[in-house]
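Read off the chains here:
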There are 2 protein chains.
Amino acid sequence: MILHSNKIHTPEGTVSGYLTMKDGRILSISEVKPEGEVKEYGDLHVIPGFIDLHVHGFSTGSFWYEKTEDSLNRMAESMIQAGVTTFLGTTGTDAVEVIIESLVEAQSAIKNWTPSRGSRILGVHLEGPFINKEFKGMQREEYCMDPDVMVTKELLHAAGEGNVYLMTLAPELPGAEEVIKHLHEQGIQVSVGHSAADLKDIARLKGFGLGGVTHMYSGMRGFHHRRPGVVGAALYFDDLYCEFAKQTGMTVSHEAFSIAYKVKGKEKIMLCTDCTGLAHVERPFHHYIRKETYIPDGDHVIVKSDGGTEKRINRKNFEEVDGLELSYVESVRNIQREHGFTFEEIITMASVNPAKYIGIYDKVGSLEEGKYGDLLIVEDDFKIQDIYVQGVQHRIK
Amino acid sequence: MILHSNKIHTPEGTVSGYLTMKDGRILSISEVKPEGEVKEYGDLHVIPGFIDLHVHGFSTGSFWYEKTEDSLNRMAESMIQAGVTTFLGTTGTDAVEVIIESLVEAQSAIKNWTPSRGSRILGVHLEGPFINKEFKGMQREEYCMDPDVMVTKELLHAAGEGNVYLMTLAPELPGAEEVIKHLHEQGIQVSVGHSAADLKDIARLKGFGLGGVTHMYSGMRGFHHRRPGVVGAALYFDDLYCEFAKQTGMTVSHEAFSIAYKVKGKEKIMLCTDCTGLAHVERPFHHYIRKETYIPDGDHVIVKSDGGTEKRINRKNFEEVDGLELSYVESVRNIQREHGFTFEEIITMASVNPAKYIGIYDKVGSLEEGKYGDLLIVEDDFKIQDIYVQGVQHRIK
């Protein structure tokens, strides 16, 4: 398959030319027309697919709430519509045996995934259970526990060899050092999150394998000039990455994002959604920022706003649940509008950095020969026109 | 007078050559030897004198506590030992009539100053009384008041035409807009300090004449990612200057300073001391950071540490009171050791920026032809060897 565009965004700059995919990979990017039929995209942009390292659920499925292979498959189908070509199914802080059951399901989903399914179910991000109750956020306090290598081994075993790519934990908790070391030995990235750590805790453990922070600013000890906390550490240490979830200005103000951007630069900021798949809550759940309550009702969910309005929608119908949470691409469009980022800056934060962070940049994250044919065709404002996952085209709904 | 050094620090770089002073000003900086006797400094550095825009008192005198012309004169004599060649006598938040009395004294000190006295008593910095009780710090709550143009005019009148260069106020207080406008019309710089302002207050009033923040991080609404406060505004708005007082790591951690430096760069950070002249307190005063109590005792002061030790020293004897507060040059040496700043970075923060901030960079703040002969001869570690104020040499005690 050969695409032509005047704006193919590669690490070496924007190229006007031909991108050829074969066997799911990028065979070449060339100014010279190769043999064969060409799909013409003119002035539309060709960019690498987005990578979401932190997503519990989205739209028609929720791995966090449903904990099934099927839920991950439905996420894959919905998330591809948002331009996400690779994601990590992200667990929440549940009872260890419950997390283990869900990881067994994930192992199967990862193994059975094919590009025609949609977004690639690459692996798992374990958010917890080794987090600090003091900063639990929407995680459940009764299941927060101190880091434990035996438990860690059980979790990794349940997910299957090489399927856990990232763990979020609170490094100030007893036992954290051993768990961080163990994860690091397995090549698993570790983020600080839901943490009351002081800067000195992070300084002490960083070298053992702390790569960044989960949902920067939220769920962590904030910045004070005599106690810089996790936020201070994230800003102070140049090499730590900062993950931002759905940067709408609501959870984290635009100015706070700008300050982090000034300090970290595009090279150390990663975008993600942290969506949960609100349509799939197990019990009535009030979202204090959205000011809505979600009430499960069989195959449906009732959405009650604090203002009194109410609607009942089908959990698994994409058209009905779409828009319940801001999608990856809409979040990208939002920050582009707000901050005026260039294509290069967005691609760095949405594709390059997440891939580098978990060590998969040799396969995805940029448009280069030999990498997967994971790409998006977008307009100037990032409105998606076409999507390819490992060379397989997906229809935009 | 002609000096020779291999390291004369000018805005165009470091020059090996001859600096000639005449009539209190720099006549020339040249690689060619002028006619006349040359004082040889070899590899010692020649740098512009430090400028302290925020100093209530130091060592043998305290304008804040004593409120007299004589106290400013004693400060001038002591501060020159710390490398400060220009300073603003800084008032505190007292009753308006008391501030007025002290400003009348200041007017006289400013008028009668000569270079042989020591550090130049350039003018006044009014810290308050228009500050927010919520962030009063060591200022006295009963005298905090809402901004008032009539009061402002009385204060400016008492100090004498052109003698007030800077005012610190809380812009969120009612009446602030009018006062800021009035000060701006008079060419007086305005800093945000002792303030509970939100970022949006500062955004709204910045254009009327807010140039920066007083003692960054201290005495102001801190940073939160949904309410960025004064700290957030200082980091967010590129054009705002940040003043740091005696950066020892004690009041503001080294990491917090580093974060501000990453965001603002050397161009927007100013050093000062905010010293008060602790030997001159009017009534027993406990310093919660130094963990010491100062008890006036006639011409002496008793210094009682929280640990129980006690010493009695002569208030006006430089040798006895020296070291009670960290001096400007010792603070500079401290941050150079801690952060490894270059000469250019230190000079920018300690001389160039304070001069630009209050609009006197045409006369001081750098070594250039036509500017005052205010300069320091220092070793690599900023240890002072010689001091000149408007060409007059001062002996190091």
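Residues numbered from 1 in each chain as written. Chains lettered and ligands numbered in written order. Predicted model: local features only at pLDDT ≥ 70, side-chain atom pairs only at ≥ 80, totals over all residues. Heavy atoms only, no water.

A. Region of the structure containing the overall build of chain A. Summing up its helical and strand segments, chain A has eleven helices and 22 strands in all. Over its C-alpha atoms chain A spans a radius of gyration of 20 Å, differing by no more than 12% from the 21 Å that the globule rule assigns to 397 residues. Its C-alpha atoms give chain A principal-axis dimensions of about 60 × 50 × 40 Å. Every one of the 397 residues in chain A was classed for burial, and the buried ones make up 62%. For chain A, long-range pairs separated by at least 24 residues make up 67% of all intrachain contacts whose partners lie at least 6 apart in sequence. (Helix = DSSP H or I, 4+ residues; strand = E, 2+ residues; numbered from the N terminus. Rg over C-alpha atoms; globule rule 2.2 N^0.38 Å. Buried < 20%, exposed > 50% of the residue type's maximum accessible area, 1.4 Å probe, protein only. Contact = heavy atoms within 4.5 Å.)

B. Broad picture of the UniProt feature "binding site: Zn(2+)" (unreviewed entry) in chain A. Residue and element names in this part refer to chain A. UniProt's entry tags E127, H194 and H215 with the feature "binding site: Zn(2+)" (unreviewed entry), counted in the numbering of this structure. In three dimensions, the annotated residues from a span of 89 residues occupy one location, with a maximal C-alpha spread of 11.1 Å. For H194, the position within the fold is in the loop between β12 (189-192) and α6 (199-205). When its relative accessible area of 4% is taken as the criterion, H194 is described as buried. For H194, the residues in contact, after removing those within four places along its chain, are E127, I131, N132, F135, K136, G137, Q139, A170, H215 and G219. You can see H215 is positioned in the loop between β13 (212-213) and α7 (229-236). On the accessibility criterion, H215 (9% relative accessible area) is buried. (UniProt positions renumbered as here; feature names shortened; annotations may be inferred.)

C. Inspection of the pattern of salt bridges at higher detail. All names here are of chain A. Overall, the coordinates contain 44 salt bridges over all chains when judged by the stated rule. Two residues, R117 and E77, come together in a salt bridge whose shortest N-O distance is 3.3 Å. A residue pair is termed long-range when its members are at least 10 positions apart, and R117 in the loop between α3 (96-112) and β10 (120-127) and E77 in helix α2 (residues 69-79) qualify at 40 residues. Judged by relative accessible area, which is 29%, R117 ranks as partly exposed. (Salt bridge = Lys/Arg side-chain N within 4 Å of Asp/Glu carboxyl O.)

D. Fine view of the side chain of B:S102. Residues and elements named next belong to chain B. Locating S102 in the fold gives a position in helix α3 (residues 96-112). Given a relative accessible area of 4%, S102 falls into the buried group. Contacts of S102, omitting those with residues within four sequence positions, involve F63, K67 and T91.

E. Examining the environment of A:G57 more closely. Residues and elements named next belong to chain A. Along the polypeptide, G57 turns up in strand β7 (residues 57-58). By relative accessible area, G57 is classed as buried at 0%. Between the C-alpha atoms of G57 and E282, which are 225 residues apart in sequence, the distance is 13 Å. Filtering out sequence-adjacent residues up to four positions away, G57 remains in contact with S62, F63, M75, C275, T276, G277 and E325.

F. Spatial organisation of the packing of helix α8 (residues 254-264) of chain A against helix α7 (residues 229-236) of chain B. Look at α8(A) against α7(B): their axes get within 9 Å of each other, and the N-to-C directions meet at 50°. Between α8(A) and α7(B), the interaxial angle falls into the category oblique. Regarding α8(A) and α7(B), the two cross each other, and that crossing is left-handed. Of the residues in α7(B), those touching α8(A) at A:E255, A:S258, A:I259 and A:K262 are B:G232, B:L235 and B:Y236. For the contact of α8(A) with α7(B), the residue count by class is three nonpolar, two polar and two charged. (Axes fitted to C-alpha atoms, helices over the stretch in contact; angles between N-to-C directions. Parallel < 35°, antiparallel > 145°, perpendicular 65-115°, else oblique. Left-handed = near helix turned anticlockwise from the far one by under 90°. Nonpolar A, V, L, I, M, F, W, Y, C, P; charged D, E, K, R; others polar.)

G. Representation of the interface of chain B and chain A within the structure. Across the boundary between the two partners, chain B contributes 22 residues, which contact 22 residues of chain A. Summed over both partners, the interface of chain B with chain A comes to about 2000 Å²; 65% of that surface belongs to carbon and sulfur atoms. Looking at the side of chain B facing chain A, the largest losses of area belong to B:F223, B:H225 and B:K262, adding up to 31% of the total buried there. At the junction of chain B and chain A, the tally comes to two salt bridges. A:K262 is paired through a salt bridge with B:D238; the nearest N and O atoms lie 2.5 Å apart. Elements with a contribution of two residues or more to the side of chain B that touches chain A: α7 and α8 (254-264) of chain B. In terms of residues, the side of chain B that touches chain A owes the most to one element, α8(B), which gives six residues. In terms of residue class, the side of chain B that touches chain A is made up of twelve nonpolar, six polar and four charged. (Buried area = accessible area lost by both parts, 1.4 Å probe.)

H. Geometry of the environment of B:D23. For B:D23, the location among the structural elements is in the loop between β2 (13-22) and β3 (25-30). Taking C-alpha positions, B:D23 is 7.3 Å from B:G391, a pair spaced 368 residues apart along the chain.

I. Quick peek at the relation of the copies chain B and chain A. Note on the identical chains: chain B maps onto chain A by a rotation of 180° and an axial translation of 0.0 Å, with an RMSD of 0.0 Å. What we have between these two chains is a two-fold relation. Relative to the rotation axis, the closest C-alpha in chain B is found at B:V263, a distance of 2.9 Å. With an isologous cut-off of 70% or more, the 100% of interface residues of chain B that recur at the interface of chain A puts this contact in the isologous class. (Least-squares fit on C-alpha atoms with pLDDT ≥ 70 in both.)

J. Seen up close, the domain arrangement of chain A. All names here are of chain A. For chain A, the assigned domains are domain 1 (2-47 + 366-395), domain 2 (49-276 + 325-357) and domain 3 (278-321). Distance between the C-alpha centres of domain 1 and domain 2: 28 Å. Listed per partner, the contact involves 21 residues of domain 1 and 21 residues of domain 2. In total, domain 1 and domain 2 occlude about 1700 Å² of area from one another, counting both sides; carbon and sulfur atoms represent 68% of this. Considering only the side of domain 1, the residues that lose the most area to domain 2 are F382, V389 and H394, jointly responsible for 32% of the buried surface there. Connecting domain 1 to domain 2 are one salt bridge. (Domains from an automatic or database assignment.)

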